[in-house]
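Listed below are the residues making up each chain.
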Amino acid sequence: MAYITLRDVQLAFGGPALLDGASFSLERGERVCLIGRNGEGKSTLLKLIEGSLLPDSGEVSLQNGITISMLAQDVPMDSGKVADIVADGAGEASEVLRAYHAASDACVLGDMDACDRMGNLQHKMDQLDGWALETKVNSILSKMGLDPDADLADLSGGRKRRVLLARALLTQPDVLLLDEPTNHLDVESIEWLEKFLLDQNNLTLLFISHDRSFVDSIATRIVELDRGTLRSYEGNYSRYLELKAMQMEAEEKQNALFDKKLAEEEVWIRQGIKARRTRNEGRVRALKDLREESRARRSQQGKVSMATQDANRSGKLVFDIEHLSVAFGNQEPIIKDFSALVLRGDRIGLVGDNGVGKTTLIKAILGELEHGGTVKTGTQLEVAYFDQLRNALDLEKSVKDNVSEGSDFVDVNGGRRHIYSYLQDFLFSPERARTPVKALSGGERNRILLAKLLLKPSNLIVMDEPTNDLDMVTLELLEEMLGGYKGTLLLISHDRAFMDNVVTSTWVFDGKGHIDEYVGGYQDYLEQRPDQTAVDQKSDVKKALAKAEAATPKKAKLSYKDQRALEQLPAEMEALEKEQAEINAKLADGTLFVSNNDQAMKLSARLAAIDEQLLEKLERWETLENLSKG
């Protein structure tokens, strides 16, 4: 039996249904990523499963006895001892343990009432197995590299996320729900989280994430929430994109045929009196059904339309940075003796842990912060700045007033457009455009910032964590827009896939004030960094030794079993290739995704399995073939 099952679930909050007859199941050991556009209802679905929300209709059922923990999207700003916050995950046992320690301390000081309370609390501790709680808390904190006596308020965003994860995992839940677990984490923290989750044997995950690298590393299946329904796709995000493209093509063809049929019937019903006398009542009823179906059909949410506004070209030199240093008070410099040359058209990514000085460096370069050394700025620079903390937004004002500053019109590349028309490019309906910003989601606020930023003519764009809260489709469109940008880009981001697709060089902060420059994106940096070079050198030595050993003549002969395998493998591979071709033919035009989505998904999963089998058999054949010649 599945751990979690949703059957025909309906849920709406006044507008279009967030869940419209949605069905879903989560099996033991799966790591499922839930994706979808901002506002589709992903977080709402997690709350339904957690039990803090109830559906309007339908069923959400859990296997008897399973436990669920949820790591929410928001990181709290509260203070408190880390060990106490983690222990809170144990519920009543945590409260009783804390009360027992308080009573014990008071009893030692002579409070006889406290001594009496200790007896009752001790009995409760026995019932709740509370004595093991302290050991569990210390064990999981040690595993996560956290100080039990530290104050939560003093920790970085990444460390706070670890504390909340420790609390969620304290009771060893069967299912862990994660809502955007990588948000506001630096790259090192994201890579730690990936490894930690993969090391948890038998932990079942259902998580929401826009981080494509994280999804590819963790997910065993993708489930998309699209227009109120849930669709499942086996494999990682890259495989999902392939299957989704086929499905959307088939859906567009199906819709075109439907629209053509509806148009033909509408023409027929409007024919003259003579035709009405011989009207087929069955055909009239069929037209009525077509109209109902047309009204009920929910079109896919449009894509954000992004375009930069070009300013005059800057000079060839953008920044000449020499021996730049930044320090606050008597503390160690956060940036030490940094020199670099930024030329027109450069796209530079800044990478490092939270707090190492990435935003500080940007502000120093732009002249917003005092610093040592010199920064020579090129001519005709016009800067558009995307702020990580969204300080550019007035939360009390509407979307419209934030973007247009009260005007009904905006200038877009020399043309005049109504603000509502412009905002629809960023998926804000006129009604949504009149909404105060404080009522919007994080993803919507980021879209407002982009809408505002892209109204400003620029030849230098500075972006500080622009990808937080953006859905994957908007992320890819932002990548495409930046790919066509003719100016210069300075980008701070923890999204490794985004960096790889956008930047041409990377500045890496070591946390000790030093910054090194590498050609290419994040993966290029990983291959070039010094410790990786040492690993590669060792690998080269091993390869040379293996090659030398391979060159030594081998006298080993194939066993009877291996000889039979060598003879049979070509036919086995041929059969798999034939099956592969047949499945590809069935999926080629995409119609199966519409007519029988479950069957299409099974065939897609089989294709992936065939690829693996073919690779294994080919490697086996090559090994046996070489042995037979040896």
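So, how was this worked out
Residues numbered from 1 in each chain as written. Predicted model: local features only at pLDDT ≥ 70, side-chain atom pairs only at ≥ 80, totals over all residues. Heavy atoms only, no water. UniProt positions renumbered as here; feature names shortened; annotations may be inferred. Helix = DSSP H or I, 4+ residues; strand = E, 2+ residues; numbered from the N terminus. Buried < 20%, exposed > 50% of the residue type's maximum accessible area, 1.4 Å probe, protein only. Contact = heavy atoms within 4.5 Å. Areas by Shrake-Rupley, 256 points an atom, 1.4 Å probe, with all protein chains shown as cover. Pairing = 2+ DSSP bridges. Axes fitted to C-alpha atoms, helices over the stretch in contact; angles between N-to-C directions. Parallel < 35°, antiparallel > 145°, perpendicular 65-115°, else oblique. Left-handed = near helix turned anticlockwise from the far one by under 90°. Nonpolar A, V, L, I, M, F, W, Y, C, P; charged D, E, K, R; others polar. Disulfide = S-S within 2.5 Å. Patch = residues over 30% accessible without salt bridge, like charges linked within 9 Å, V, L, I, M, F, W, Y side chains within 5 Å. Salt bridge = Lys/Arg side-chain N within 4 Å of Asp/Glu carboxyl O. Lys, Arg positive; Asp, Glu negative; His and termini not counted. Charge placed at Lys NZ, Arg CZ, Asp CG, Glu CD. Core = buried A, V, L, I, M, F, W, Y, C linked by side-chain atoms within 4.5 Å. pLDDT = per-residue confidence, 0-100. Phe/Tyr/Trp six-rings, centres within 6.5 Å; stacked < 30°, edge-to-face > 60°. Lys NZ or Arg CZ within 6 Å of the ring centre and 35° of its normal.

As annotated in an unreviewed UniProt entry, the chain is ATP-binding protein Uup from Acinetobacter celticus. Per UniProt, the chain has the following entry under Catalytic activity (unreviewed entry): "ATP + H2O = ADP + phosphate + H(+)". Annotation of the chain in UniProt includes, under Subcellular location (unreviewed entry), the sentence "Cytoplasm".

K.L.:
Report on the overall build of the chain, specifying residues and quantitative values.
P.N.:
For the chain, the helix and strand inventory stands at 23 helices and 20 strands. Of all 630 residues assigned to the chain, the portion counted as buried reaches 43%. Long-range contacts, defined as pairs at least 24 residues apart, comprise 69% of the intrachain contacts of the chain with a sequence gap of at least 6. Accessible area for the chain stands at about 32,700 Å²; split by element, carbon and sulfur atoms hold 48% of it.

K.L.:
Explain the sheet that holds strand β13 (residues 372–377) residue by residue, including any values.
P.N.:
Across the sheet, three strands lie side by side as β11-β10-β13; this open sheet has antiparallel pairing. Where the open sheet ends on each side, the last strands, each with one partner, are β11 (335–343) and β13. Looking at each pair of strands side by side, their axes are set apart by 5 degrees on average, direction ignored. For strand β10 (residues 317–326) and β13, the ladder comprises five bridges, and the chain directions are antiparallel. Counted as the bridge partner of Ile 321 is Val 375 from β13. This element, helix α12 (residues 358–365), spans β10, β11 and β13 of the sheet and lies at about 120 degrees to β10.

K.L.:
So, the packing of helix α21 (residues 560–587) against helix α23 (residues 597–629): which residues are in play, and what are the values?
P.N.:
If you want to describe how two helices pack, look at the angle between their axes and the distance between the axes. The interhelical angle for the contact between α21 and α23, taken along N-to-C directions, is 155 degrees, at an axis separation of 9 Å. In terms of orientation, α21 lies roughly antiparallel with respect to α23. For α21 against α23, the interelement crossing comes out left-handed. Along the lines of polarity and charge, the residues of the contact of α21 with α23 split into 16 nonpolar, five polar and ten charged.

K.L.:
I'd like a description of the UniProt feature "binding site: ATP 1" (unreviewed entry) in the chain, backed by residues and values.
P.N.:
Under the UniProt annotation, "binding site: ATP 1" (unreviewed entry) lies at Gly 36, Arg 37, Asn 38, Gly 39, Glu 40, Gly 41, Lys 42 and Ser 43. Within the secondary structure layout, Gly 36 lies in the loop between β3 (31–35) and α1 (42–50). Exposure remark for Gly 36: the relative accessible area of 19% places this residue in the buried category. Residues within four places of Gly 36 in sequence aside, it is in contact with Lys 42, Leu 225 and Asp 471. Note that Gly 41 resides in the loop between β3 and α1. Ignoring anything within four residues of it in the chain, the contact list for Gly 41 reads Leu 18 and Leu 225.

K.L.:
Before we move on, could you go through the state of the cysteines and cite the residues and values that matter?
P.N.:
Evaluation of the coordinates by the stated rule reveals one disulfide. Paired by a disulfide, Cys 107 and Cys 115 hold their sulfur atoms 1.9 Å apart. What sets the handedness of the Cys 107 and Cys 115 disulfide is the S-S torsion sign, and at about 95 degrees it is right-handed.

K.L.:
Kindly report on a negative patch on the surface, identifying the contributing residues and their values.
P.N.:
Where like charges cluster on the molecular surface, the negative patch consists of Asp 611, Glu 612, Glu 616, Glu 619 and Glu 622. Along the chain, Glu 612 falls in helix α23. Glu 612 sits in the partly exposed class, given a relative accessible area of 48%.

K.L.:
Could you give an account of the sheet that holds strand β9 (residues 229–234), naming the residues involved and the relevant values?
P.N.:
Here six strands make up an open sheet; going across it, the order is β5-β6-β7-β3-β8-β9 and the pairing mixed. A single partner strand is all that each edge strand has here, and the edge strands are β5 (68–71) and β9. Recorded for the sheet is a direction-independent mean angle of 20 degrees between the axes of neighbouring strands. Bridging between β5 and strand β6 (residues 175–179) involves four bridges; their strand directions are parallel. Across the sheet, Ser 69 pairs through a bridge with Leu 176, a residue of β6. Where α1 meets the sheet, it contacts β3, β5, β6, β7 (204–208), β8 (221–226) and β9, and its direction lies at approximately 155 degrees from that of β6.

K.L.:
For the nonpolar core, give the residues involved together with the corresponding values.
P.N.:
Judged by nonpolar contacts, the single largest core of 53 residues is most densely connected at Val 86, Leu 165, Leu 176, Leu 197 and Phe 207. Residue contributions to this core peak at six residues, all from helix α6 (residues 157–169). Each residue touching Phe 207, except ones within four places of it in the same chain, is listed here: Arg 31, Val 32, Cys 33, Leu 34, Leu 178, Phe 214, Val 215, Ile 218 and Ala 219. The next biggest cluster of nonpolar side chains, apart from the first, holds 42 residues, and it includes Val 351, Met 463, Met 499 and Val 502.

K.L.:
I'd love a proper account of the confidence of the model for the chain, names of residues and values included.
P.N.:
Scored by pLDDT, the chain has a mean of 81; 86% of the residues are at 70 or more. Contacts for the low-pLDDT stretch residues 532–539, under 50 throughout, to residues beyond four places or in other chains number four contacts. Note that residues 548–555 has pLDDT below 50 and, in this model, three contacts with residues that lie over four places away or in other chains.

K.L.:
Which residues make up the packing of aromatic side chains, and what values do they have?
P.N.:
Counted according to the given criterion, the structure contains eight aromatic pairs. With a centroid separation of 5.0 Å and an interplanar angle of 70 degrees, the aromatic rings of Phe 338 and Trp 507 are classed as edge-to-face. Residue Phe 338 is located in strand β11, and its partner Trp 507 is located in strand β19 (residues 505–509); the two are separated by 169 residues in the primary sequence. Across the pair, Trp 507 and Phe 338 agree in class, each one buried. Among the aromatic residues, those joined into a cluster by ring pairs are Tyr 233, Tyr 237 and Tyr 240. The residue whose ring lies beneath Arg 416 is Phe 409, and the NZ or CZ to ring-centre distance is 4.0 Å. When the ring centre of Tyr 525 is taken as reference, the NZ or CZ atom of Arg 529 above it lies at 5.8 Å.

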